[in-house]
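In case you want the letters, here they are:
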Amino acid sequence: MTATMESLIGLVNRIQRACTALGDYGGDDSTFSSLWDALPSVAVVGGQSSGKSSVLESIVGRDFLPRGSGIVTRRPLVLQLHKTEGKQEEYAEFGHLPRRRFTDFALVRKEIEDETDRITGKTKQISPIPIHLSIYSPNVVNLTLIDLPGLTKIAVDGQSDTIVEDIENMVRLYVDKPNSIILAISPANQDIATSDAIKLAKEVDPSGERTFGVVTKLDLMDKGTNALDVLEGRAYRLQHPWVGVVNRSQADINKKTDMMYARRREREYFATSPDYGHLANKMGSEYLAKLLSQHLETVIKSKIPSITSLINKGIDEMEAELDRLGRPIAVDAGAQLYTILELCRAFDKIFKEHLDGGRPGGDRIYGVFDNQLPAALRKLPFDRHLSLQNVRKVVSEADGYQPHLIAPEQGYRRLIEGSLNYFRGPAEASVDAVHFVLKELVRKSIGETEELRRFPTLQSAIAAAAGEALEKFRDESKKTVVRLVDMESSYLTVDFFRKLPQEVERGGPAPPPGDRRTSSADRRNPPADRGNPGSDRGIPGADRGNAVDPLGDRYGDAHFRRIGSNVSSYISMVSDTIRSTIPKAVVLCQVKEAKQNLLNYFYTQIGRKEGKQLGELLDEDPTLMSKRLEIAKRLELYKVSRDEIDAVSWVR
């Protein structure tokens, strides 16, 4: 039984120390469930001057706690007692000084004061960060106690106005836990109804199942009075027995009375007391320590299944979080290069999914071709360019000093070339619009690549390389679409104009040059040109019986309207061609290239980098590195704790 008790309580002690080292000392501010909160412990609660420190020193058998007026305990002290065999020298160890043994307990007191000041400063403020102190002695039982700041009712000089509330909140943080055992210290010379410790214990443990009541200063009560009503449970009943203790007086403390002598004197007091003699075997600090140790072991045994469940849940949560954050990177160059290439492939896969429709965004490219390009083509100023005044001006300038004889071919060419130049704008705008979409998809893909989030430097490098590649694709695409426009200017479709005289002979009417609502059939069979002097078909006024000049005036308005109309029809035909060929060129030069060769140049550069340069690309966000390290340490603690609990369970 003793070995099992040592194993159980010692295990909880080790886990508590490790929790504190990881910053887990209770509360709800942790990402994962608090293992500290799940561990059973004995929280020592009492008002100032209730004798709380004296009780702890009596249990330990050593004078080691700071003393003074006001709030002396300003940080929780996790006091872990380890019973040693034989006559081994007593010593103490602090959690923050694991390799240093203290055999002089006056130095233990000084280190508690110094360590408190390191966190709170030389003020009277408090901190919830605990101090861990382990004491190894043959004169103690295996037990863990948490000494908490004494409850107070008013703030003194140097303390904040909220100190009373702050202390109570800190104490509640420990005693609220369902696995906490409450050791409520109350002085005998004070009405139990006004005890700060009992009042708080009653609020958090109304049934009294978790509370042990301790009455101090029994020897200081007025003559003729005693505390039997309290000790026998009549004044306030608890599920566990009340224990009375007699501590050293202030005079004893000043004279540094030996603790072993004080224990003997306490036993003698109860054995010879007419009031408490019948309770002598259940009184005193030694009995209290054994009672608490046995109860703590019982509670730990009962909580092992729930602690194990919490640990297993925590392990699953932390392993999932580590998978999300990514495992640590290897240090050799080959492994780093492989990691970088794998991350690039992950990004490239998501980028392609955006283009191919697996993720949103690629449809915006189709929107450029189906909406933006046609809208831009419709807005081109052909009506102004092919207006009657401009047609007359261009044709006349093209003729020079020698007017055209039959058809103004040079005028036609100048009008057509001037019209085709307008297509450059929409063509280049389509290239730029698709380039913007591709850049945005690169940005989104980098953000959606979970594996890349931990490497901001590599993210920037991929974004820069992808942006550089997209710029090259855009330049090549612009050259291609401009060539498409130039091709239309360099060689006109002769068949279109050869059909014009035939259309005139068949009486095909010519729409006015400003009418852009010609059907596709009209564009495939263009109207007759006024350049055919042998026909009066389509001439305004001819079908209404113009007897003056049935052939019309070659330099009249109708003639120039006919020219403008023919050029308009030809431009409409070319517009349809441009509208269908530009998307093909853009997809070939930009979209397809981005899918196939976005990071090719980047791969070439990566292959030439040295190990140090590769390591710089995999330089993680310090916050993520710190978080992963913290989780990894906590995970290791949980796994070791699970294994040790399993081992203790088998022994039990």
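Above: the structure in question.
The following refers to the structure shown. (Residues numbered from 1 in each chain as written. Predicted model: local features only at pLDDT ≥ 70, side-chain atom pairs only at ≥ 80, totals over all residues. Heavy atoms only, no water.)

Focus on the nonpolar core
Which entries qualify depends on this criterion: In plain words, nonpolar cores are sets of buried Ala, Val, Leu, Ile, Met, Phe, Trp, Tyr and Cys residues tied together by side-chain atoms within 4.5 Å. Partly exposed describes any residue whose relative accessible area lies between the buried limit of under 20% and the exposed limit of over 50%, with all areas from a 1.4 Å probe on protein chains only and scaled to the type maximum. By definition, any uninterrupted DSSP run of H or I lasting at least four residues is a helix, any uninterrupted run of E lasting at least two residues is a strand, and each is numbered from the N terminus. By definition, residues are in contact when any of their heavy atoms lie within 4.5 Å.
Formed by 99 residues in total, the largest nonpolar core has its most connected members in F64, L133 and L218. In terms of residue count, helix 10 (residues 285-325) provides more of this core than any other element does, 15 residues in total. Residue contacts for L218: discarding those within four places in its chain leaves A188, A227, L231, G244, V245, V246, Y269, F270 and Y276. Counting 67 residues, the second-largest nonpolar core is a separate cluster that includes F369, F423, V442 and I462.

Things to note about the side chain of D63
The condition is simple: The definition of a polar contact used here is a pair of N or O atoms within 3.5 Å, where within protein one atom must be able to donate a hydrogen and the other to accept one, and adjacent residues in sequence count solely through side-chain atom pairs.
Mapped onto the fold, D63 is located in the loop between helix 3 (52-60) and strand 2 (77-83). Within the structure, the side chain of D63 is placed 2.8 Å from the side chain of R109, a separation counted as a polar contact. Of note is the side chain of D63, whose polar atom sits 3.5 Å from the side chain of R248. With sequence-adjacent residues up to four places away left out, D63 is seen in contact with E57, F105, R109, R248 and M259.

Concerning the pairing of strand 7 (residues 180-187)
For a regular strand, side-chain orientation follows a simple rule: the groups alternate between the two sheet faces. How we decide: Any two strands are treated as partners once DSSP identifies two or more bridges connecting them. Here, the term right-handed applies to a crossover whose path from the first strand over the helix to the second runs clockwise when the strands point away from the viewer.
Most of strand 7 sits out of view: eight of its eight residues are buried. Side chains of strand 7 alternate between two faces, with S180, I182, A184 and S186 and I181, L183, I185 and P187 buried alike. Sheet topology places strand 1 (residues 41-46) next to strand 7; six bridges connect them, and they run parallel. The residue of strand 7 that forms the bridge with S41 is S180. With six bridges joining them, strand 7 and strand 8 (residues 211-216) adopt parallel strand pairing. If you follow L183 over to strand 8, its bridge partner there is F212. As for the winding sense of the linkage, the β-α-β connection from strand 7 through helix 6 (residues 196-204) to strand 8 is right-handed.

Re the packing of helix 11 (residues 333-356) against helix 21 (residues 600-607)
Our working rule: Throughout, an axis means a line fitted to C-alpha atoms (over the contacting stretch in the case of helices), and angles, computed between N-to-C directions, take values from 0 to 180 degrees. Any angle that is under 35 degrees is reported as roughly parallel, and any over 145 degrees as roughly antiparallel; angles of 65 to 115 degrees are reported as roughly perpendicular and all others as oblique. Note on residue classes: Ala, Val, Leu, Ile, Met, Phe, Trp, Tyr, Cys and Pro are nonpolar, Asp, Glu, Lys and Arg are charged, and everything else, Gly too, is polar.
As a packed pair, helix 11 and helix 21 sit with axes 11 Å apart at the nearest point and diverge in direction by 170 degrees. When the axes of helix 11 and helix 21 are compared, the pair comes out roughly antiparallel. Within the contact between the two elements, helix 11 uses L337, I340, L341, C344 and R345 and helix 21 uses F602, Y603 and I606. Split into classes, the residues belonging to the contact of helix 11 with helix 21 amount to seven nonpolar, no polar and one charged.

Observations concerning the packing of helix 12 (residues 363-378) against helix 16 (residues 424-448)
Packed helix pairs are specified by the crossing angle of their axes together with the interaxial distance, meaning the distance between the axes. Going by this rule: The handedness criterion is simple: a crossing whose near helix is rotated anticlockwise from the far helix by less than a right angle is left-handed, and one whose near helix is rotated clockwise is right-handed.
Where helix 12 meets helix 16, the axes come as close as 10 Å, and the angle between the chain directions of the two elements is 155 degrees. Considering their axes alone, helix 12 and helix 16 lie roughly antiparallel with respect to each other. You can see that helix 12 and helix 16 cross each other, and the crossing is right-handed. Residue-level inspection shows R364, I365, V368, F369, Q372, L373, A376 and L377 of helix 12 in contact with helix 16, the latter providing P426, S430, A433, V434, F436, V437, L438 and E440. Classifying every residue of the contact of helix 12 with helix 16 by side-chain character gives 12 nonpolar, two polar and two charged.

Topic: the pattern of salt bridges
The test is simple: Only one rule defines a salt bridge in this text: a Lys or Arg side-chain nitrogen within 4 Å of an Asp or Glu carboxyl oxygen.
Following the criterion strictly, the structure yields 37 salt bridges and no others. The residue E115 makes a salt bridge to R118 at a minimum N-O spacing of 2.5 Å. Taken together, the residues E115 and R118, both in helix 4 (residues 105-120) and three residues apart, mark about one turn of the helix. A relative accessible area of 11% means that E115 is categorised as buried. A cluster of three or more residues bridged by salt bridges with shared partners is formed by E57, D63, R109 and R248.

Remarks on the sheet that holds strand 9 (residues 243-244)
Strand order in the open sheet formed by nine strands is 4-3-5-2-6-1-7-8-9, and the pairing between neighbours is mixed. For this open sheet the edge positions go to strand 4 (97-102) and strand 9, each flanked by a neighbour on one side alone. Bridge count between strand 2 and strand 5 (residues 131-137): seven bridges; the pairing is parallel. Bridging from a neighbouring strand, V78 pairs with H132 of strand 5.

As for unusual backbone geometry
Positive phi values are uncommon outside glycine, yet K217 reaches one of about 60 degrees. Within the element layout of this structure, K217 appears in the loop between strand 8 and helix 7 (228-231).

Some points on helix 5 (residues 163-175)
Put simply, the rule is: The span you would expect from a helix comes to 1.5 Å times its residue count less one.
Between its first and last C-alpha, helix 5 extends 18 Å over 13 residues, near the 18 Å set by a 1.5 Å rise per residue. Inspection of helix 5 places I163, I167, M170, V171, R172, Y174 and V175 among the buried residues, and these make up the whole buried set.

Observations regarding the packing of aromatic side chains
What counts here: Paired rings are identified among Phe, Tyr and Trp, the last through its six-membered ring, by centres lying within 6.5 Å, and are further divided according to the angle between planes into stacked (under 30 degrees), edge-to-face (over 60) and tilted (the rest). Only when the NZ atom of a Lys or the CZ atom of an Arg is both within 6 Å of the ring centre and within 35 degrees of the ring normal do we say a charge sits over the ring.
Summed over the entire model, instances satisfying the criterion amount to eight aromatic pairs. Measuring from centroid to centroid gives 5.3 Å for F94 and F102, while their planes differ by 85 degrees, and the two rings are edge-to-face. Just as F94 is buried, F102 falls in that class too. Site record: aromatic cluster; members linked through ring pairs are Y269, F270 and Y276. R101 extends its terminal NZ or CZ atom over the ring of Y91, reaching a point 3.9 Å from the ring centre. Here K472 stacks its cationic end above the ring of Y601, 4.7 Å away from the centre of that ring.

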